[in-house]
Amino acid sequence: MADQPTRLESLIHLSRWLGEPARDCVMLGEGNTSTRLGDESFLVKASGVELARVEAAGFLEVGFAAALSLLSEELDDKAVKRGLNEAKVDPDSPLRPSVETALHAVCLSLPGVEFVGHSHPTAVNAITCSKDFEAIAQQCLFPDQIVVCGAYPLLVPYVDPGVPLARELQGRLAQHVEQHGRPPKSIYLQNHGFIALGASVKQVQAITLMAVKAARIAAGAIACGGIHPMSEADVRRIDGRDDEHYRQRVIESSSTA
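Everything numeric in this text was worked out from a predicted model, so none of it was measured.

**Some details on the packing of helix H4 (residues 101-108) against helix H8 (residues 163-180)**
Then, in step 1: Where H4 contacts H8, the axes come no closer than 8 Å and their chain directions differ by 15 degrees. Our classification of the angle between H4 and H8 gives roughly parallel. As H4 packs across H8, the resulting crossing turns out to be right-handed. Two secondary-structure elements touch here, H4 through Ala102, Leu103, Val106 and Cys107 and H8 through Leu165, Ala166, Leu169, Gln170 and Leu173.

**Some remarks on the environment of Gly240**
Then, in step 1: Topologically, Gly240 is positioned in helix H10 (residues 232-240).
Then, in step 2: Remark: the alpha-carbon pair of Gly240 and Val156, spanning 84 residues in sequence, is separated by 25 Å.

**Topic: helix H3 (residues 77-87)**
Then, in step 1: Among all positions in H3, only Ala79, Val80, Gly83, Leu84 and Ala87 are buried. Relative to the axis of H3, the buried residues are bounded by an arc of 135 degrees and lie together on one face. Pointing more than 90 degrees away from the buried face of H3 are the exposed residues Lys78 and Glu86.
Then, in step 2: Contacts made by the buried residues of H3 are with strand S3 (59-63), helix H2 (64-69), H4 and H8.

**So, the pattern of salt bridges**
Side chains carrying opposite charge are able to pair once their charged atoms draw close together.
Then, in step 1: Scanning all chains against the criterion turns up seven salt bridges.
Then, in step 2: Notably, a salt bridge pairs Arg7 with Glu114, separated by 3.0 Å at the nearest N-O pair. On the criterion of sequence distance, the pair formed by Arg7 in helix H1 (residues 7-19) and Glu114 in the loop between H4 and strand S4 (115-119) is long-range, its members being 107 residues apart.
Then, in step 3: Given the relative accessible area of 32%, Arg7 is considered partly exposed.
Then, in step 4: Residue classification places Glu114 among the partly exposed positions, given a relative accessible area of 21%.

**Points about the packing of H1 against helix H9 (residues 201-223)**
Then, in step 1: It is the contact of H1 with H9, at a shortest axis distance of 10 Å, that shows an interaxial angle of 15 degrees. Overall, the two elements H1 and H9 adopt an arrangement that is roughly parallel. Crossing hand, H1 versus H9: right-handed. For the pair formed by H1 and H9, the contact residues are Ser10, His13, Leu14, Trp17 and Leu18 on the first element and Val201, Val204, Gln205, Thr208 and Leu209 on the second.

**Here we look at the nonpolar core**
Then, in step 1: In this structure, Phe42, Leu169, Ile187, Tyr188, Ile195 and Leu197 are the most contacted members of the largest nonpolar core, which totals 70 residues.
Then, in step 2: Ignoring any residue separated from it by four or fewer positions in sequence, one finds Leu197 in contact with Cys107, Leu110, Val113, Phe115, Val116, Pro184, Lys185, Ile187, Gln203, Val204 and Ile207.
Then, in step 3: Formed by six residues, the second largest nonpolar core is a distinct cluster that contains Cys140, Ile146, Val147 and Ala151.

**Examining the environment of Leu209**
Then, in step 1: Positionally, Leu209 belongs in helix H9.
Then, in step 2: When its relative accessible area of 40% is taken as the criterion, Leu209 is described as partly exposed.
Then, in step 3: Each C-alpha atom, one on Leu209 and one on Cys149, is 9.4 Å from the other, the two residues being 60 residues apart in sequence.

**Examining the environment of Leu173**
Then, in step 1: Looking at the element boundaries, Leu173 is found in helix H8.
Then, in step 2: For Leu173 and Glu9, which are 164 residues apart along the polypeptide, the C-alpha to C-alpha distance reads 28 Å.
Then, in step 3: In this structure, Leu173 is in contact with Val106, Leu110, Leu154, Pro184 and Ile187, ignoring residues within four places of it in sequence.

Quick notes on the rules
- Residues numbered from 1 in each chain as written.
- Predicted model: local features only at pLDDT ≥ 70, side-chain atom pairs only at ≥ 80, totals over all residues.
- Heavy atoms only, no water.
- Axes fitted to C-alpha atoms, helices over the stretch in contact; angles between N-to-C directions.
- Helix = DSSP H or I, 4+ residues; strand = E, 2+ residues; numbered from the N terminus.
- Parallel < 35°, antiparallel > 145°, perpendicular 65-115°, else oblique.
- Left-handed = near helix turned anticlockwise from the far one by under 90°.
- Contact = heavy atoms within 4.5 Å.
- Buried < 20%, exposed > 50% of the residue type's maximum accessible area, 1.4 Å probe, protein only.
- Arc of directions from axis to C-beta.
- Salt bridge = Lys/Arg side-chain N within 4 Å of Asp/Glu carboxyl O.
- Core = buried A, V, L, I, M, F, W, Y, C linked by side-chain atoms within 4.5 Å.

Structural data, given as structure tokens:
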């Protein structure tokens, strides 16, 4: 049996995959990724590091408690910067955690979430930056979208990136779990980007790919006269079918590299 990759190796793979120029998910220093290391800490990309070229040294270990404490009160930019540096497990590291570190702490605190991929796919951002963002993004267009990305994505209105966004997301995630009984797999950030939440690298990859496909289909449907979404009854049917749950597990375990 081949050796299993470490969490850091898996995160490097996911990051470079998202950063591959042909996928059009990020450019330059856009986007960030993370993975849980345990109950106490997680790895997150350092600020300004390019996903496409990231090495092991481009990630920082951050404490959950310290990162989440930034959400407990209103902080100015200097206080946030200081708090992020204090959240580093290695205080001597010259790198600064991503501005979205608290967001990753919130996401990785959800049950079943081990990896987070935050990107800015052009096709998806065409939707998140549109006047009809909420109407389009919340609709399910085809069964595979439901199987891979979930029946009920979370939509977040535009909020200043960083701690304000993490705080808003924390509240909306709690509402989502209360309403649907489980966390979302897909998060759409208005005028900003996309977040895929997964138990594995492969799941984050699959969610991101399918979200891009759904965005392209939505744009094409609009150009062809308008979107014809699946009915709520049909969405619930796909979401609850045992055979679709099996197919979901197969898709999530298949290679998308």
